Amino acid sequence: MDGLISFFASHHAMRAEAVLKSSGWAVRLIPGPKDLSPNCGVALRFEYAQRENVLAALVAKNVRIDGVHCYRPRSDDWSVRR
Amino acid sequence: MIYFDNAATSWPKPPAVCAALSDYFGDAGGNPGRAGHRMSVAAARIVENAREAVAELFHANDSSRIVFTQNATHALNLALYGLLRPGDHVVTTSIEHNSVMRPLRHLETLGVELTVVACGVDGMVDLDRLHHALRSDTRLLVTTHGSNVAGTLMPVAALASFAHEQRILYLVDASQTAGAIPIDVQHLDLDLMAFTGHKGLLGPTGTGGLYIREGVALSPLIRGGTGSDSAHETQPEFLPDAYESGTLNVAGIAGLAAGVNFLSEIGIDAVKTHEQKLVAQFLAGASEIPGITLYGPRDGALRCGVVSFNVNGVTPSEVGLILDESFGICARTGLHCAPAAHRTLGTFPMGTVRFSFGWFNSPAEIDVALAALRQIGVWARSELATH
Ligand SMILES: Cc1ncc(COP(=O)(O)O)c(C=O)c1O
């Protein structure tokens, strides 16, 4: 899972996980990297290649996100790609 | 023991409610939305699953519009103080609970103008009178959905349309009906609805919430940490965080979700049918007992699971004591935090004896209570005759 979604609020992170899991996507909540998102503690890992479908599914369910990022563990290079 | 005080708080709770509390303390005891470790995530999941369950129960299509509070009183205060400003006009009815009346009386001292529309002796609102009380400068109409004294149900759909004809917001106090009478906030077209978790929703005390329609902006009652937007020293404006500062009652909310899920399995229609059947059985039986005065609508279909009565010549507290000590029946007596409602029924300041039924009560328990009231009636008449 090479993509990461950050959120404004825990409410939306939890809903994103539920919405995407119920549609059969592989996702995983992880502690949100603070440099990406000083917000709700968690971020959601997902397959970056699926981002269009994933984002559409979230919009359809009123889930608000903060940003979409590449997930690179143990790197300081958190380039933002939207 | 027969428990007829479900309007104060429901008892018993479904076993799943106790299990949910125990699971929280056992396996998921973190602080929701504050960290990314598994305990915090598990707690956040509990809260958000509960929010979804509540939103589904009330047919709110966006669960972020459900904010959790300590109880209905807290939710009503959030709505009233969040909305009303000096110079605003607000309309309510004469059967409201003090959790509506006291904030409004206080707001009145701050310069909010208040009109209290008188209800009939059965607690029914006079629609004409209410319609006339709404003015072009009225900001809010607030009414209960079901009276905690007389059991009277308000015609909330009609009231919502009156209010909206004049662009007035409508706040409903669903303390007595959430979980007992089907509520569809979209179909009923409600702007704000306060509910409590520990009555009809079968959850623990210390839980409740407010539904806030999209586009309705409230100023928060309290401000503080939310786990979100932590880089800023100002309160976030997005829901639900804007109104949920401070650590939530996660254990209670876990139990609340279990109560709501239990109700969703049964269906609220079934709960309503069950409670109205018990009410009809009680009213039919009690109306044949000499010396008993019944209050509220005679038609069980116009009521939630609450009935009020008096045994002529005996104080409500005495009847309550006899019911408890001699018959093992738990009833609530007195004014039920609603002096205005008792003035409306003509039972102020003495009050009434109140039975309030729930999903776990049975027709056999109503029969036991009716037999007890027959005996108390016989005793009261002989007492009155000899003194
Ligand atoms: C009509 C009504 N409104 C509000 C409340 C307050 O509920 P809570 O004590 O849970 O805040 C109650 C119950 O006591 C009630 O019956």
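Residue positions within a chain follow its written sequence, with the count starting from 1. Think of it this way: whatever chain is written first is A, whatever ligand is written first is 1, and the rest follow in order. It should be noted that, the model being predicted, local features are given only for residues of pLDDT at least 70 and side-chain atom pairs only at 80 or more, the latter also being counted only at that level, while totals for whole chains, interfaces and linings use all residues. Only hydrogens and water are removed before side-chain values are computed, so all heavy atoms of the structure are retained for them.

> Mind laying out the pattern of salt bridges, listing which residues take part and the relevant values?
Oppositely charged side chains can form a pair if their charged atoms are brought close together. The salt bridge criterion pairs a side-chain nitrogen of Lys or Arg with a carboxyl oxygen of Asp or Glu, the two atoms within 4 Å. This structure, assessed with the given rule, holds 13 salt bridges over all chains. Between Arg45 of chain B and Glu17 of chain A there is a salt bridge; the shortest N-O distance is 2.5 Å. Here Glu17 of chain A lies in helix H1 (residues 10-22) and Arg45 of chain B lies in helix H2 (residues 38-57), a pairing that spans two chains. The partner of Arg135 of chain B in a salt bridge is Asp137 of chain B, with the nearest N and O atoms 2.9 Å apart. In DSSP terms, a helix is any run of H or I states spanning at least four residues, a strand is any run of E spanning at least two, and both are numbered starting from the N terminus.

> Just give me the short version of the sheet that holds strand S4 (residues 113-117) of chain B, but keep the residues and values in it.
Residues and elements named next belong to chain B. Strands qualify as paired when DSSP identifies two bridges or more between them. Overall, mixed pairing links the 7 strands, which are arranged S2-S8-S7-S6-S5-S3-S4 in an open sheet. Each end of this open sheet is capped by a strand with a single partner; those strands are strand S2 (66-69) and S4. Here the strands of the sheet are splayed against their neighbours by 20° on average, with no regard to which way each runs. Two elements, strand S7 (residues 192-196) and strand S8 (residues 208-212), share 5 bridges in a ladder whose sense is antiparallel. Residue pairing across strands places Met193 opposite Tyr211, the latter belonging to S8. Docked against the sheet, H2 engages S2 and S7, running at close to 115° with respect to S2. Orientation is described by lines fitted to C-alpha atoms, with helices fitted over the stretch in contact, and by angles between N-to-C directions that extend from 0 to 180 degrees. Every residue pair with non-hydrogen atoms within 4.5 Å of one another is taken to be in contact.

> A description of helix H8 (residues 250-266) of chain B should follow, citing residues and the corresponding values.
All names here are of chain B. An expected span of 1.5 Å times one less than the residue number is assigned to each helix. Between its terminal C-alpha atoms H8 stretches 25 Å, which fits the 24 Å expected from 17 residues at 1.5 Å a residue. The cut-offs for exposure are 20% and 50% of the maximum accessible area for each residue type, with area from a 1.4 Å probe on protein chains only; residues under the lower value are buried, those over the upper are exposed, and the others partly exposed. Burial within H8 is extensive, with 12 of its 17 residues counted as buried. By the burial criterion, the buried members of H8 are Val250, Ala251, Gly252, Ile253, Ala254, Gly255, Leu256, Ala257, Ala258, Gly259, Val260 and Leu263. Of the residues flanking the end of H8, it is Gly267, one or two places downstream, whose phi is positive at about 90°.

> Residue-level account of the sheet that holds strand S9 (residues 292-295) of chain B, with values.
Residue and element names in this part refer to chain B. Strand order in the open sheet formed by 4 strands is S9-S10-S13-S12, with antiparallel pairing between adjacent strands. The strands lining the two open edges of the sheet, one partner per strand, are S9 and strand S12 (332-334). Across this sheet, the average inter-strand angle for adjacent strands is 30°, counted without regard to direction. As defined by bridge partners, strand S10 (residues 306-311) adjoins strand S13 (residues 352-356) across 4 bridges and the pair is classed as antiparallel. Bridging across to S13, Ser308 finds its partner in Arg354. Contacting S9, S10 and S13, helix H9 (residues 268-286) runs over the sheet at an angle of about 15° to S10.

> A description of the interface of chain A and chain B should follow, citing residues and the corresponding values.
Contact with chain A, which involves 17 residues of that partner, is made by 22 residues of chain B. Once two parts are brought into contact, the accessible area they lose, counted with a 1.4 Å probe and summed over both, makes up the buried area. Where chain A abuts chain B, roughly 1,400 Å² becomes buried across the two surfaces, and 57% of that area is made up of carbon and sulfur atoms. Here a polar contact means two N or O atoms within 3.5 Å. Within protein one must be a hydrogen donor candidate and the other an acceptor candidate, and residues neighboring in sequence count only if both atoms are side-chain atoms. Where chain A touches chain B, the interface holds 6 residue pairs in polar contact (both at pLDDT 80 or more). Among the elements that line the side of chain A that touches chain B, the one with the most residues is H1 of chain A, at 6 residues. Three categories are distinguished: nonpolar for Ala, Val, Leu, Ile, Met, Phe, Trp, Tyr, Cys and Pro, charged for Asp, Glu, Lys and Arg, and polar for the others, with Gly belonging to the last. The class makeup of the residues in the side of chain A that touches chain B is 8 nonpolar, 6 polar and 3 charged.

> Lay out the packing of H1 of chain A against helix H2 (residues 51-60) of chain A in plain terms, naming residues and giving numbers.
All names here are of chain A. Between H1 and H2, whose axes approach to 10 Å, the crossing angle comes to 115°. Crossing angle aside, the handedness with which H1 passes H2 is right-handed. Together, Ala16, Val19 and Leu20 of H1 and Val54, Ala57 and Leu58 of H2 make up the contact between the two elements. Looking at the contact of H1 with H2 residue by residue, the classes come out as 6 nonpolar, no polar and no charged. Handedness of a crossing follows from how the near helix is turned relative to the far one, being left-handed for an anticlockwise turn of less than a right angle and right-handed for a clockwise one.

> Which residues make up the packing of aromatic side chains, and what are the values?
Residues and elements named next belong to chain B. Aromatic contacts are taken between Phe, Tyr and Trp rings whose centres are within 6.5 Å, Trp giving its six-membered ring; a plane angle under 30 degrees counts as stacked, one over 60 as edge-to-face, and the others as tilted. Tallied over the entire structure, the rule returns 13 aromatic pairs over all chains. With centroids separated by 5.0 Å and ring planes inclined at 75°, the aromatic side chains of Phe309 and Phe355 adopt a geometry described as edge-to-face. Here Phe355 lies in strand S13 and Phe309 lies in strand S10, a separation of 46 residues in the sequence. Each member of the pair Phe309 and Phe355 is classed as buried. Among the aromatic side chains, those forming a connected cluster through ring pairs are Phe4, Phe282, Phe309, Phe355 and Phe357. Two conditions define a charge located above a ring, namely a distance within 6 Å from the ring centre to NZ of Lys or CZ of Arg, and an angle within 35 degrees of the ring normal. Sitting over the face of the ring of Phe348, Arg343 holds its NZ or CZ atom 3.9 Å from the ring centroid.

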